[in-house]
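Chain residues, written in single-letter form:
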Amino acid sequence: MNMMSEAAVEKALDQKMTESKYKMIGKDVSVYYGEKRALFDVNLNVQEHTVTALIGPSGCGKSTFLRTLNRMNDTIDGCRVTGKITLDEMDIYDPSIDVVELRARVGMVFQKPNPFPKSIYENIAYGPRIHGLARTKAELDQVVETSLQKAGLWNEVKDRLQESGTGLSGGQQQRLCIARAVAVSPEVILMDEPCSALDPIATAKVEELIHELRSNFTIVIVTHSMQQAARVSQRTAMFHLGLLVEENDTDKMFTNPDDQRTQDYIMGRFG
Ligand SMILES: Nc1ncnc2c1ncn2[C@@H]1O[C@H](COP(=O)(O)OP(=O)(O)OP(=O)(O)O)[C@@H](O)[C@H]1O
């Protein structure tokens, strides 16, 4: 088999990114929690087949912005979003949008691994089953296997698919949650500090996985770790006090940022 070298794969992906259109566009996005305004007219676009990292000090609005991308804010009482967000030119806040369908296209992985208290198999099979993505048991088995493979977990769990997902290690649980997100064939995957509950080895595995997932998915990740943003992302957006301060190529962001606040944050001067 003619295997592409890792460098060649990276180059092909970078080329794909350069040519890619915006998968999601956020225009003048503001978010209010009751009277409190958490985001101020954020304009941020998400490129296809790219990992975009959202960074900034605690409370700056990273998670709030992330949640606007699949309307997870809808679940928070008193939360209001203004502005416009599109997914492939479709206004995701249009009243006609089916939010369940939207969240299948824009999946989410949370900070703390949250597998269902069910078998490993059921954790993955649930989504494809309710979304009608598999017609037969054989097809469902195939989706489960492929999703676990994409999440780099298949070899570790293939002999114990009927065991509980909650019995896995923290790092395995997080990869199970990534497999669960992947199983419904989303186009975008949102990750809110996906490694914050993991040890360094499990973190390295998840980071490697994020890197690989980029070829099939568009990823937006919130992280507190500058090193993580630098390792996994191609684009980085810096937030401060509810404002988007700067968005740039990750390499540039960490070597020669345009904004003094970015410089100060990455140098550890605040945050
Ligand atoms: N459910 C909520 N109700 C009220 N205010 C909220 C809610 N969630 C967030 N906020 C406020 O909105 C602002 C932005 O919070 P957000 O969680 O988006 O920041 P963040 O950058 O992700 O922070 P962290 O890095 O600490 O997770 C903060 O002032 C926060 O207190």
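Heads up: these notes are all about the structure in this document. All of these numbers come straight from a predicted model, not from anything done at the bench.

The next thing to look at is the nonpolar core. Counting 63 residues, the largest nonpolar core has Leu 54, Ala 179, Ile 189, Leu 190, Ile 219, Val 220 and Ile 221 as the members making the most contacts within it. Considering every element that reaches this core, the biggest residue donor is helix H7 (residues 170–183), with seven residues.

With antiparallel pairing, the four strands of this open sheet are ordered in space as S2-S1-S4-S5. One side of each edge strand has no neighbouring strand; the edge strands of this open sheet are strand S2 (36–47) and strand S5 (90–91). Here eight bridges tie strand S1 (residues 22–33) to strand S4 (residues 79–87), and the two strands are oriented antiparallel to one another. Within the sheet, the bridge partner assigned to Gly 26 lies in S4 and is Ile 85.

Let us look at the site of the ligand. Looking at the ligand, the residues that line it are Tyr 33, Lys 36, Ala 38, Gly 56, Ser 58, Gly 59, Cys 60, Gly 61, Lys 62, Ser 63, Thr 64 and Ile 76. Mapped onto the shell around the ligand, the elements with two or more residues apiece are S2 and helix H2 (62–68). With three residues, the single largest contributor to the shell around the ligand is H2. Classifying every residue of the shell around the ligand by side-chain character gives four nonpolar, six polar and two charged.

Our focus in this paragraph is helix H8 (residues 200–213). If you check H8, its first and last C-alpha atoms are 20 Å apart, about what 14 residues at 1.5 Å a residue would give, namely 20 Å. Listed as buried for H8 are Thr 203, Val 206, Glu 207, Leu 209, Ile 210 and Leu 213. The buried residues of H8 occupy an angular sector of 160° when the element is viewed end-on, so they sit on one face. Of the exposed residues in H8, those oriented more than 90 degrees away from the buried face are Pro 200 and Ile 201. Those residues of H8 that are buried are in contact with strand S3 (51–55), H7, strand S7 (188–192), strand S8 (218–222) and helix H9 (226–232).

Right, let's talk about H7 for a bit. Each full turn of the α-helix corresponds to 3.6 residues, which orients residues three or four apart in the same direction. Here H7 is 14 residues long and its end C-alpha atoms lie 20 Å apart, about the 20 Å a rise of 1.5 Å per residue gives. The element H7 is largely enclosed, with a buried count of 13 among its 14 residues. Note on H7: the residue one or two positions beyond its end, Ser 185, has a positive phi of about 50°.

The next subject is the sheet that holds strand S9 (residues 235–240). With mixed pairing, the six strands of this open sheet are ordered in space as S6-S7-S8-S3-S9-S10. A strand with exactly one partner marks an edge of an open sheet, and here the two such strands are strand S6 (106–109) and strand S10 (243–249). Neighbour-to-neighbour, the strand axes of this sheet turn through a mean angle of 20°, independent of strand direction. Pairing between S6 and S7: four bridges, direction parallel. Within S7, the position partnered with Gly 107 by the bridge is Ile 189.

Rules used in this analysis
Residues numbered from 1 in each chain as written. Predicted model: local features only at pLDDT ≥ 70, side-chain atom pairs only at ≥ 80, totals over all residues. Core = buried A, V, L, I, M, F, W, Y, C linked by C-beta atoms within 7 Å. Buried ≥ 20, exposed ≤ 12 C-beta atoms within 10 Å, placed from the backbone. Helix = DSSP H or I, 4+ residues; strand = E, 2+ residues; numbered from the N terminus. Pairing = 2+ DSSP bridges. Near = placed C-beta within 6 Å. Nonpolar A, V, L, I, M, F, W, Y, C, P; charged D, E, K, R; others polar. Expected span 1.5 Å × (residues − 1). Arc of directions from axis to C-beta. Contact = placed C-beta atoms within 7 Å. Axes fitted to C-alpha atoms, helices over the stretch in contact; angles between N-to-C directions.

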